[in-house]
Amino acid sequence: AQSVTQPDIHITVSEGASLELRCNYSYGATPYLFWYVQSPGQGLQLLLKYFSGDTLVQGIKGFEAEFKRSQSSFNLRKPSVHWSDAAEYFCAVGANYGGATNKLIFGTGTLLAVQP
Amino acid sequence: SQTIHQWPATLVQPVGSPLSLECTVEGTSNPNLYWYRQAAGRGLQLLFYSVGIGQISSEVPQNLSASRPQDRQFILSSKKLLLSDSGFYLCAWLRALGTEAFFGQGTRLTVV
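Below you will find a few notes about this structure. The structure presented is a predicted model; accordingly, all values stated were derived computationally and were not measured. Residue indices begin from 1 for each chain and proceed along its sequence in written order. Chain A is the first chain written and ligand 1 is the first ligand written, with later ones labelled in order. Selection of residues for local features in this predicted model requires a pLDDT of at least 70, selection of side-chain atom pairs for listing and counting requires 80 or more, and totals for whole chains, interfaces and linings are taken over all residues. Hydrogens and water are ignored here; the side-chain numbers use all heavy atoms of the structure.

## Concerning unusual backbone geometry
Residues and elements named next belong to chain B.
Phase 1 of the analysis: Along the chain, W7 connects to P8 via a cis peptide bond; the corresponding omega equals 0°.
Phase 2 of the analysis: The phi torsion at N30 lies on the positive side, around 55°, for a residue other than glycine.
Phase 3 of the analysis: Inspection of the secondary structure puts N30 in the loop between β3 (19-26) and β4 (32-39). Strands here mean DSSP runs of E at least two residues long; helices mean DSSP runs of H or I at least four residues long; both are numbered from the N terminus.

## So, the state of the cysteines
Residues and elements named next belong to chain A.
Phase 1 of the analysis: The rule for a disulfide is simple: a pair of cysteine sulfur atoms within 2.5 Å. For the structure on display, the rule yields 2 disulfides over all chains.
Phase 2 of the analysis: One disulfide bridge connects C23 with C91, the sulfur atoms lying 1.9 Å from each other. Its S-S torsion of approximately -65° makes the covalent link between C23 and C91 left-handed. Of the two residues, C23 sits in the loop between β3 (19-21) and β4 (24-26) while C91 sits in strand β10 (residues 87-96), which places them 68 residues apart along the sequence.

## Remarks on the sheet that holds strand β8 (residues 73-78) of chain B
All names here are of chain B.
Phase 1 of the analysis: We call two strands paired when DSSP finds no fewer than two bridges between them. Taken in spatial order, the 4 strands make up an open sheet running β1-β3-β8-β7, and their pairing is antiparallel. Edge positions in the open sheet fall to β1 (3-7) and β7 (65-70), since each of these has one partner strand only. Sheet twist, expressed as the mean angle between neighbouring strand axes with direction ignored, is 20°.
Phase 2 of the analysis: Judged from the 4 bridges that link them, β7 and β8 form a sheet pairing that is antiparallel. Note on geometry: axes are C-alpha line fits, over the in-contact stretch for helices, and angles between N-to-C directions span 0 to 180 degrees.

## Focus: the side chain of D85 of chain B
Phase 1 of the analysis: Following the sequence through the fold, D85 of chain B ends up in the loop between β8 and β9 (87-94).
Phase 2 of the analysis: Whether two residues are in contact is decided by their heavy atoms, any of which lying within 4.5 Å being enough. Dropping the residues within four chain positions of it, D85 of chain B is found in contact with R37, N63, L64, K80, L109 and V111 of chain B.

## As for the interface of chain A and chain B
Phase 1 of the analysis: Counting from both sides, the interface comprises 24 residues of chain A and, opposite them, 24 residues of chain B.
Phase 2 of the analysis: Summed over both sides, the interface between chain A and chain B buries roughly 1900 Å², with carbon and sulfur atoms accounting for 58% of that surface.
Phase 3 of the analysis: Computed with a 1.4 Å rolling probe, the buried area is the accessible surface lost when two parts are put together, summed over both parts. Interface area lost by chain A to chain B is led by N102, K103 and L104 of chain A, which between them contribute 25%.
Phase 4 of the analysis: Between Lys or Arg on one side and Asp or Glu on the other, a salt bridge is scored when a side-chain nitrogen of the former is within 4 Å of a carboxyl oxygen of the latter. At the junction of chain A with chain B, the criterion picks out 1 salt bridge.
Phase 5 of the analysis: Contacts described as polar in this section are N or O atom pairs within 3.5 Å, which, within protein, must combine one atom able to donate a hydrogen with one able to accept it, while residues neighboring in sequence count only if both atoms come from side chains. Viewed at the interface, chain B and chain A are joined by 7 residue pairs in polar contact (both at pLDDT 80 or more).
Phase 6 of the analysis: Class assignment for the residues of the side of chain A that touches chain B results in 11 nonpolar, 10 polar and 3 charged. Each residue receives one of three labels: charged for Asp, Glu, Lys and Arg, nonpolar for Ala, Val, Leu, Ile, Met, Phe, Trp, Tyr, Cys and Pro, and polar for the others, Gly being one of them.

The structure is reproduced here in structure tokens:
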């Protein structure tokens, strides 16, 4: 079964510093990979996604992520964090289980705090 | 454009009372629909998914049930709520694998 691991529950960075959020997945084939962000009390917004092609994908709000098959990882990065980036970030794996059965499985999330 | 509506936004219910959360989707047909529960430190746990009318799959044993009476309607229910049912419930739809999943604004359920 597919699974997603986000080893960092809580990260604090200073504004202007770089950021990397880790994500590891378990799946037999190349999955669809996603990063979502959730602001307090809100729904989820897609930051970026990967399925094939260039392993470095660009997303909204200056985020990027790199797919590394050998490490089963899809880490999210941002070169310079802004205070408005404080939120919870979720990595997700999408996979097909036959026919129209598609599942989207999320990690436990990483809560990002930004210090001034 | 596609939109997803979820209500109510907040709900406080006594233990043992019934529950009905509704989710409707506009601007698409035959979507995959999902119910997730978000609890602190546990991320988004997939509870149910549906690939079509009347087709419900449960991911985890629980006190809740789901139904899909219409193509774009997905309902989460319980006959008797437990304290452990408290949490933030999110409905989502997915047109096809690899596309963006769209989420409702969520329902904050507190069972007292």
